[in-house]
Amino acid sequence: MEQEERRSQGKTDKVLLVIVFLLVITGLVILYSTSAYNGKTKFGDSFYYLKKQLFATSLGLAGMYAVAKTDYHMWEKLAVPAYIGAVLLCVAVMLVGDEYNGSKRWLSLGPFSFQPSEYAKIALIIFLSWIVTKNVKKIGKLGTLLKIMLWVLPVVGLVGASNLSTAVIILGIAVILIFAASPKYAQFVWMAVLGCGFMGIFLALESYRLERIAIWQNPEKYEKGYQTLQGLYAIGSGGLFGKGLGSSIQKLGFVPEAQNDMIFSIICEELGLVGASFIVILFLLLIWRFFVISTHAKDLFGALIAAGAMAHMMIQVILNIAVVTNTIPNTGITLPFISYGGTSVVFLLVEMGLVFSVASW
Amino acid sequence: MKNKTYNKRKICIVFALAVIMIVGLIGRLCYLMIFEAEYYQKKAEALHERERDIKAARGEIVDRNGKVLATNRTVCTVSVIHSQIKEPEKVIKLLSDTLGMEEKEVRKRVEKVSSMERVKTNVDKETGDKIREMELEGVKVDEDFKRYYPYEELASKVLGFTGGDNQGIIGLEVKYEDYLKGENGKILATTDARGIELPDIAEDRIEPRAGNTLRISLDYNIQEYAQQMAQKVMEEKQADKVAILLMNPQNGEILAMVNYPEFNLNEPFELNTGGDVQMDDEKKQELLNQMWRNGCINDTYEPGSVFKIITASASLEEGVVETDDQFFCPGYKIVEDRRIRCHKAGGHGSETFVQGVQNSCNPVFMEVGQRLGSERFCDYFEQFGLMEKTGVDLPGEAGTIMHRREDIGEVELATMSFGQSFQVTPIQMAATVSSLINGGKRITPHFGMEVKSAETGKTIKEFPYKKEERIVSEETCETMQKILESVVSEGSGKNGYIEGYKIGGKTATSQTLPRSANKYISSFLGFAPADDPQVLGMCIIYNPQGIYYGGTIAAPVMRQIFDAVLPYLGIEKTGNGRK
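It should be emphasised that the depicted structure is a prediction, and the values quoted were computed from it without experimental measurement.

Participant: Go over the overall build of chain A, please, and point to the residues and values.
Facilitator: Scanning chain A from N- to C-terminus turns up 13 helices and three strands. Put simply, of all contacts in chain A between residues at least 6 apart along the chain, 71% involve residues at least 24 apart.

What follows is the structure, encoded as structure tokens:
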């Protein structure tokens, strides 16, 4: 019976499906509301950003469907090529990437541009799930741990060269996956201590990073605290029920590039505490669903894929909201499904497909 | 590989951590959006709102009968917004035609790449409306208030004018600024980060509150007539300037204050000397300051023989002289080692005190001054209020320039007794004499009577001017009234006489410093009716050419004014003038 179930496709996780669609649709509505002004002033078309995002979303939905219909065990075989692909793409972006806002993050393919770091996240989830599953018996040993981390570091380094925040996300996913697979606890505590130590050294190395902390503590005193402060103005302006969808004033150029990292502040302004909490709870439900799927997965590989997606989602959502609310120093992390970004939404949906696949096979 | 229990537990731990953190973030959101909301909201609003002032209409200044002397006129500013102009050629043509400007000038403004360019300011409302009706794209007509003085030169130095921000610069406009200015309104518009106003969001408007109406004691008709008289005599005598002052000696209300030449209040920055002589800014500013000076208040002069009224009052009050005391004038008086001459070369011979006043005889007053002594003289000087400012409600009143008490020797005392060697302002002379002949109480000369609401016309505030303490006895006052009436009816002031009216007065002719320049100030001070003074007038002619005697040139001016003003004020002829 069990064998049979594993081999044949079961039912789609309807709860997850509803949550994902809710997020995608809400995301598009909010994106339009937020980006209309910037699109109009920069490109003379208030639908400029929405159109691009819609295109990416439909591409992503197609990808999600295809991946959901595919037995996720197929990815065991493709884990290594996916990993190599990620490394190559990251090298390519360093050599021939396009610069935007001072960061080399994009690869141009004709009319489309593509952000390899977004791809790297999903590739790493598959690769790590595979390699951890393969080494699960020795996972408690420090040597195995280091060996796995050795695989992760090249990608972290390559991505981190241009996009530190994404590198931190990838590292976070890796740590969570190993933690989930390992029966031990103590070494992770040490890892956390070590990580904090490295973080301190890393911050002290460059004065601009320490400056960020100073700005975080007192954004009103620094010119560079502008973005943070404008985000706070937007959040504070929202109050309990917000100004109503479309009525944000902070998005009118006050919050720079409001459709990107700071989009959550505009949600707060337009939809208030109630609306913002609804979005956060939607994300929490999504993470809960990943958790349920992960714990109900028939094998470790599937469990780790779902856990990886969960790790990815929680790190990005938590960091983004923490940054926007000035709970932690500023770092550029987008809000999944809602922030503008074509590559991001395509691979997020593909990642959802993976989780659907885990849930149903 | 199996998904083992410990794997599930660990994933559970990760999930629990996520829940804790997310709940923590919701908590943070609650804090920001409930407790800090007001703080950030205010900051955000301050950032979004652009404030534009709506100018408040400045209060009017009206004369005692309600005639408007200072008001506001709506003027327009025509500007062009470069980015919104669709048909530049049409705009250039129509604007240059309507505004009467050179096409070249208009073209320069229209074609200039700037956010907004002023084409012409102070365009009258009619023209502004016409341009607005053309509905040219990119052309903006803004309305504004401009202070307007319908009678241009009338009482220019009294009323004063306003500057670019509609604030008073000189005169009553400064003194009563707080009542006149009103309160500007505000338009609070919400803008985007580029400062562009958002059309969908209703703007907050705080309506401006118009300034209050100031009613002053000046009488338009009297002022106008006095000004004409001043102009006439100035031209006839080719004088430097002429001041005429009329007031009610009973309560200090000033009916007219002319400082000829006046200037056009609607063009206060253009010199009234005419012609556009090239000069640097500093020089021009100096000349403008001169032009704006109110001589009656800002400048002092040696009062000369008019001051004898004060010497006489002090002496009578102190009892050092009686009206029928006999004096002898040989044409001079020796004081210490100096021989101080009377204006009549041969002397007046034997005369009573009253005749001495009628003749304006200097030796008589030197004698009387000596009897009084410098100490008592100075005491009276102070008692009469001459050492203090009059408190007139105009800015920049000059103080009296006087010897120090301990420096007054016989010579100084002698010259002071007939009004020389010290200086006072004309307003001080008028106020002091008013107080001596009105029954003996010091009055405060003033213009401001009351403040009325511009909308309802109701009185908001009346200015109280207390009639101050007695400075001279009623008896002395009455005696002075009689003596001064006789000066006009029989003495040196006879040119001020009008058949049927009892007019009191005193003439003066004083040489200005330096004496070698041979410049004179001729003046006459008169009041009527002499036994119950209702109006007191003073005419001062600065540096007249030819005949310069006050009795000859200044008294007739006052006579003409009284001739018209007394009936106008309803003061009836009593018939028994000349004895």
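Participant: If you had to explain the nonpolar core to someone new, which residues and values would you point to?
Facilitator: Residues and elements named next belong to chain A. Among the nonpolar cores identified, the biggest contains 131 residues, and L124, I170, L177, I287, A306, M310 and V355 are the most heavily contacted of them. Ranked by residue count, the leading element in this core is helix α12 (residues 300–324), at 19 residues. Each of domain 1 (18–69 + 221–361) and domain 2 (79–205) contributes no fewer than three residues to this core. Sequence-distant contacts of A306, that is, excluding residues within four places in its chain, are made with F290, I293, S294, A297, V355 and V358.

Participant: Tell me about the interface of chain B and chain A, and please be specific about residues and values.
Facilitator: Listed as interface residues are 36 residues of chain B and, on the opposing side, 46 residues of chain A. Taken together, the elements giving at least two residues each to the side of chain B that touches chain A come down to α1 (5–35) and α2 (37–48) of chain B. A total of 20 residues in the side of chain B that touches chain A trace back to one element, the largest contributor, which is α1(B). For the side of chain B that touches chain A, the residue count by class is 23 nonpolar, five polar and eight charged.

Participant: Could you give an account of the UniProt feature "transmembrane region" (unreviewed entry) in chain A, with specific residues and numbers?
Facilitator: Per the UniProt record, "transmembrane region" (unreviewed entry) is found at residues 15–35, 47–68, 80–97, 148–181, 187–205, 262–288, 300–325 and 337–359 of chain A. Span residues 337–359 of chain A is 78% helix and 0% strand, its end C-alpha atoms 21 Å apart.

Participant: An account of the environment of K298(A) is needed here, citing residue identities and associated values.
Facilitator: Among the structural elements, K298(A) can be located in the loop between α11 (263–296) and α12. Along the backbone, K298(A) and V358(A) are 60 residues apart, and their C-alpha atoms lie at a distance of 8.5 Å.

Participant: Account for the sheet that holds strand β1 (residues 49–54) of chain B, with residues named and values stated.
Facilitator: Residues and elements named next belong to chain B. Spatial ordering of the open sheet is given by β1-β6-β7, a layout of three strands whose pairing is antiparallel. What marks the edges here is a single partner per strand, and that holds for β1 and β7 (204–206). Between one strand and the next, the sheet's axes are offset by a mean angle of 15°, whatever the strand orientation. Where strand β6 (residues 185–190) meets β7, three bridges bridge the pair, whose relative direction is antiparallel. Bridge assignment links I187 to a residue of β7, and that residue is R205.

Participant: So what's going on with the pairing of strand β16 (residues 459–462) of chain B? Which residues, and what values?
Facilitator: All names here are of chain B. As judged from the three bridges shared by strand β15 (residues 448–452) and β16, these two strands associate in the antiparallel manner. Residue E450 lies in a different strand from β16, and its bridge partner there is E462. Hairpin connection from β15 to β16: six residues lie between these consecutive antiparallel strands, with G457 at a positive phi of about 75°.

Participant: Quick rundown of the pairing of strand β2 (residues 103–109) of chain A? Include the residues and the values.
Facilitator: Pairing between strand β1 (residues 98–100) of chain A and β2(A): three bridges, direction antiparallel. From the neighbouring strand, D98(A) faces β2(A), where its bridge partner is W106(A).

Participant: Describe unusual backbone geometry, and please don't skip the residues or the numbers.
Facilitator: Across the junction of Y260(B) and P261(B), the peptide omega takes the value 0°, indicating a cis bond. Assignment of secondary structure puts P261(B) in the loop between β10 (254–260) and α10 (281–292). Residue P514(B) follows L513(B) across a cis peptide bond; omega there is -10°. Here P514(B) is to be found in the loop between β17 (504–511) and β18 (520–528). The residue E257(A) is not glycine, and still its phi comes out positive at about 50°. Examined against the element boundaries, E257(A) turns out to sit in the loop between α10 (226–238) and α11.

Participant: Give a detailed account of the sheet that holds strand β9 (residues 241–247) of chain B, specifying residues and quantitative values.
Facilitator: Residues and elements named next belong to chain B. The strand order β10-β9-β19-β18-β17 describes an open sheet built from five strands, whose pairing is antiparallel. Edge positions in the open sheet fall to β10 and β17, since each of these has one partner strand only. Between one strand axis and the next, the sheet turns through 5° on average, direction left out of account. Each of β9, β17, β18 and β19 (535–542) is contacted by helix α16 (residues 426–437), which is oriented at about 150° to β19, the strand it contacts most.

Participant: Which residues make up the packing of helix α14 (residues 362–383) of chain B against helix α15 (residues 410–417) of chain B, and what values go with them?
Facilitator: Residues and elements named next belong to chain B. At their nearest, the axes of α14 and α15 sit 8 Å apart, and the two run at 115° to each other. As α14 runs across α15, the sense of the crossing is right-handed. Between α14, through F365, M366, V368, G369, Q370, S374 and F377, and α15, the contact on the second element is made entirely by L413, A414, M416 and S417.

Participant: Tell me about the packing of helix α5 (residues 116–134) of chain A against α12(A), and name the residues and values.
Facilitator: Geometry of a packed helix pair, given as the angle between the helix axes and the separation of the axes. Residues and elements named next belong to chain A. Here α5 crosses α12 at 145°, and the two axes come no closer than 9 Å. Crossing of α5 against α12: the hand is right-handed. Contact with α5, carried on its side by K121, I125, I126, L128, S129, W130, V132 and T133, involves L300, F301, L304, I305, G308, A309 and H312 of α12 and no other residues of that element. Of the residues that constitute the contact of α5 with α12, the class distribution is ten nonpolar, four polar and one charged.

About the cut-offs
Residues numbered from 1 in each chain as written. Chains lettered and ligands numbered in written order. Predicted model: local features only at pLDDT ≥ 70, side-chain atom pairs only at ≥ 80, totals over all residues. Helix = DSSP H or I, 4+ residues; strand = E, 2+ residues; numbered from the N terminus. Contact = placed C-beta atoms within 7 Å. Core = buried A, V, L, I, M, F, W, Y, C linked by C-beta atoms within 7 Å. Buried ≥ 20, exposed ≤ 12 C-beta atoms within 10 Å, placed from the backbone. Domains from an automatic or database assignment. Nonpolar A, V, L, I, M, F, W, Y, C, P; charged D, E, K, R; others polar. UniProt positions renumbered as here; feature names shortened; annotations may be inferred. Pairing = 2+ DSSP bridges. Axes fitted to C-alpha atoms, helices over the stretch in contact; angles between N-to-C directions. Left-handed = near helix turned anticlockwise from the far one by under 90°.

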